[in-house]
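The lines below spell out each chain.
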Amino acid sequence: MESTAEEQLIGPLLLARGTIDRSAALRADARWLERAWSDSTTRVLVIDNGHTLVRRVGDEVQAVLFTPADAPQGQRYLLGVEDGVAYFAVAAPLPGIPKGDLNGRVTIPMSLRDTPEGRPVAAGLRQVGGLLGDREAGLLVYAVALEAWHTTHEFCPRCGSRTEVQAGGHIRVCPQDSSQHFPRVDPAVIMLVRDAADRCLLARGPQWPEGRLSILAGFVEPGESLEAAVVREVAEEVGVIVTSPRYLGSQPWPFPRSLMLGFFAEATTTALVPDAEEIAEARWFSREELAGALESGELRLPPPVSIARRLIETWYGGALTGDW
């Protein structure tokens, strides 16, 4: 099979960006943390149920960052330092946003065209992660991941005691048995499968509406390599045998704690036998068929913020339209 465009990903992985030094050595320095919090140059990102405040400035989207004095009270997470400026996240209600506005609803349009310039609005990572600059995208991914972990790991798994937050929000310690607990990351493989005719395999889960397709993905099991997970997941989900898994890149997907590891894989069989519990529909597409389905509106692809979209566009050889 001829190998051309897939040698490297087309375009950046939008949630893998970031510019700050995570400054792990400073997390346990209580004096430094207090000094940094008292510094008026320090900047704070407020995070609430995966949402933060953003605003339109001209054609750009920027996160709203607070000084420590202006930030609401809440649990603090040290995100890092850049050019002498410390960055924290605070888990707290978003200033100026009624709590009810965050119950699963997006309060900002993707284009921001309907949002008055400069007015802070609430938005989630899926909606604005690809619109923010490198530094702020990295800060938001980091903050969302830490908030999600703290929300679901308040108690010690050994004895059930409420744990205490330490190390700038990067460790929870049990006061009863002194056990330490660290943020959890779940590795998941996501793979673009192509056959000998260079067709791409797309599928959808039963929970997705018709026409919303993506590539296959699944979690890595205990004691399993990434490559073995690729082969197993494809066989389990659609009955296709693949070989030669080839790693292309990774990006965090903190919904709530995945790390998506992207692969290409070569199919040695093409008969599709979908697992009814996992897959509602699976189809092979040539480039011409995919372009036609997108143009007609028959098919929609994952948004550009996802690694799935980058893998599909890398196989296709250029940018595609038709977002979910």
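Along every chain, residues carry numbers that run from 1 in the direction the sequence is written. Only residues with pLDDT of at least 70 are given local features in this predicted model, and only at 80 or more are side-chain atom pairs given and counted; all residues enter the totals for whole chains, interfaces and linings. The side-chain figures draw on all heavy atoms in the structure; neither hydrogens nor water molecules are used.

Participant: Which parts of the structure should I look at to understand the overall build of the protein?
Facilitator: Think of it this way: any DSSP run of H or I at least four residues long counts as a helix, any run of E at least two long counts as a strand, and we number them from the N terminus. Each helix and strand counted, the protein has 6 helices and 16 strands in total. Radius of gyration means the value over C-alpha atoms here, while the globule rule gives 2.2 Å times the residue count to the 0.38 power. Taken over C-alpha atoms, the radius of gyration comes to 22 Å for the protein, in line with the 20 Å a tight globule of 324 residues would show. In terms of principal-axis extent, the alpha carbons of the protein reach across some 60 × 50 × 35 Å. Note on contacts: a residue pair qualifies if any of its non-hydrogen atoms lie within 4.5 Å across the two residues. Of the contacts made within the protein by residues no fewer than 6 positions apart, 64% connect residues no fewer than 24 positions apart.

Participant: Looking at this model, I keep getting lost on the pattern of salt bridges. Mind explaining?
Facilitator: One side chain can pair with another of opposite charge once the charged atoms of both are near each other. Salt-bridge detection follows one rule: a side-chain nitrogen of Lys or Arg within 4 Å of a carboxyl oxygen of Asp or Glu. The final tally for this structure, using the stated rule, is 20 salt bridges. Among the ionic pairs, Arg 162 bridges to Glu 154, the shortest N-O distance being 2.9 Å. Summary of the burial criterion: residues with accessible area below 20% of their type's maximum are buried, those above 50% are exposed, and those between are partly exposed, where the area comes from a 1.4 Å probe applied to protein chains only. The class of Glu 154 is partly exposed, set by a relative accessible area of 31%. Where Glu 281 meets Arg 283, a salt bridge forms, and the shortest distance between an N and an O atom there is 3.8 Å. When its relative accessible area of 29% is taken as the criterion, Arg 283 is described as partly exposed. It is possible to trace a salt-bridge network through shared partners that takes in Glu 221, Glu 224, Arg 232, Glu 233 and Glu 236.

Participant: Mind showing me how you'd approach the environment of Ala 188 here?
Facilitator: Within the secondary structure, Ala 188 is located in strand E11 (residues 186-194). Taking the relative accessible area as the measure of exposure, Ala 188 reaches 3% and is therefore buried. For the pair Ala 188 and Leu 146, spaced 42 residues apart in sequence, the C-alpha separation works out to 18 Å. Those residues in contact with Ala 188 that sit more than four places away from it in its chain are Gly 218, Phe 219, Val 220, Leu 259, Met 260 and Leu 261.

Participant: Help me understand the sheet that holds strand E6 (residues 85-91), please; the structure alone is not making it clear to me.
Facilitator: Strand pairing in a sheet relies on backbone hydrogen bonds. The paired strands run either parallel or antiparallel. Across the sheet, which stays open at both edges, the 4 strands sit in the order E4-E1-E6-E5 with mixed pairing between neighbours. Bordering the open sheet on either side are strand E4 (65-66) and strand E5 (75-82), each of which pairs with just one other strand. Note: two strands are recorded as paired if DSSP finds a minimum of 2 bridges between them. As paired elements, strand E1 (residues 43-47) and E6 share 5 bridges and run parallel to each other. Note that in E6 the partner of Ile 47 across the bridge is Ala 91. The axes used here are C-alpha line fits, helices contributing only the stretch in contact, and every angle between their N-to-C directions lies in the interval 0 to 180 degrees. Of the strands in this sheet, E1, E5 and E6 are in contact with helix H1 (residues 30-38), which crosses E6 at around 90°. Running over the sheet, helix H3 (residues 134-152) touches E1, E4, E5 and E6 and is turned about 150° from E5.

Participant: Could you clarify how one ought to interpret the nonpolar core in this entry?
Facilitator: Within soluble globular proteins, side chains that are nonpolar tend to cluster in buried spots. Among the nonpolar cores identified, the biggest contains 52 residues, and Leu 202, Leu 290, Leu 299 and Leu 311 are the most heavily contacted of them. Here the element with the most residues in this core is H3; it accounts for 8 residues. In this structure Leu 290 touches Leu 202, Phe 285, Leu 299, Leu 301, Ile 312, Trp 315, Tyr 316 and Leu 320, once residues within four positions along its chain are discounted. Buried residues of nine kinds, namely Ala, Val, Leu, Ile, Met, Phe, Trp, Tyr and Cys, make up a nonpolar core once their side-chain atoms join them within 4.5 Å.

Participant: I'm lost on unusual backbone geometry in this one. Help?
Facilitator: For residues that are not glycine, phi is negative in most cases, and the peptide bond is trans in most cases. With omega at 5°, the peptide bond leading from Phe 255 into Pro 256 counts as cis. When you line up the elements, Pro 256 lands in the loop between strand E14 (242-253) and strand E15 (258-267). With a phi close to 65°, Ser 178 is a non-glycine residue in the positive phi region. Secondary-structure assignment places Ser 178 in the loop between strand E9 (171-173) and strand E10 (180-181). Here the phi dihedral of Ser 244 falls at roughly 55°; this positive angle occurs in a residue that is not glycine. By the element assignment, Ser 244 lies in strand E14.

Participant: What exactly am I supposed to notice about the environment of Pro 206 here?
Facilitator: Structurally, the position occupied by Pro 206 is in the loop between strand E12 (200-204) and strand E13 (216-219). Each residue touching Pro 206, except ones within four places of it in the same chain, is listed here: Ala 276, Glu 277, Glu 278, Ile 279 and Ala 280.

Participant: Just checking my understanding: could you explain the sheet that holds strand E8 (residues 164-166) for this structure?
Facilitator: Spatially, 3 strands are ordered E8-E9-E10 in an open sheet, and the strand pairing comes out antiparallel. Where the open sheet ends on each side, the last strands, each with one partner, are E8 and E10. The pairing of E8 with E9 spans 3 bridges and is antiparallel. Within the sheet, the bridge partner assigned to Val 165 lies in E9 and is Arg 172.

Participant: Sorry, what's going on with the packing of helix H5 (residues 287-296) against helix H6 (residues 307-316) here?
Facilitator: Axes are the key here: two packed helices are described by the angle between their axes and the distance separating the axes. H6 packs onto H5 with a crossing angle of 125° between their chain directions and a minimal axis gap of 10 Å. In terms of orientation, H5 lies oblique with respect to H6. Relative to H6, the crossing made by H5 is left-handed. Packed against H5, whose contacting residues are Arg 287, Leu 290 and Ala 291, the element H6 presents Ile 312, Trp 315 and Tyr 316 at the interface. For this classification, the nonpolar set comprises Ala, Val, Leu, Ile, Met, Phe, Trp, Tyr, Cys and Pro, the charged set comprises Asp, Glu, Lys and Arg, and every other residue, Gly included, is treated as polar. Across the contact of H5 with H6, the residue classes break down as 5 nonpolar, no polar and 1 charged. Under this scheme an angle from 65 to 115 degrees is roughly perpendicular, one under 35 degrees roughly parallel, and one over 145 degrees roughly antiparallel; angles in between are oblique. Put simply, a crossing is left-handed when the front helix is turned counterclockwise from the back one by less than a right angle, and right-handed when it is turned clockwise.

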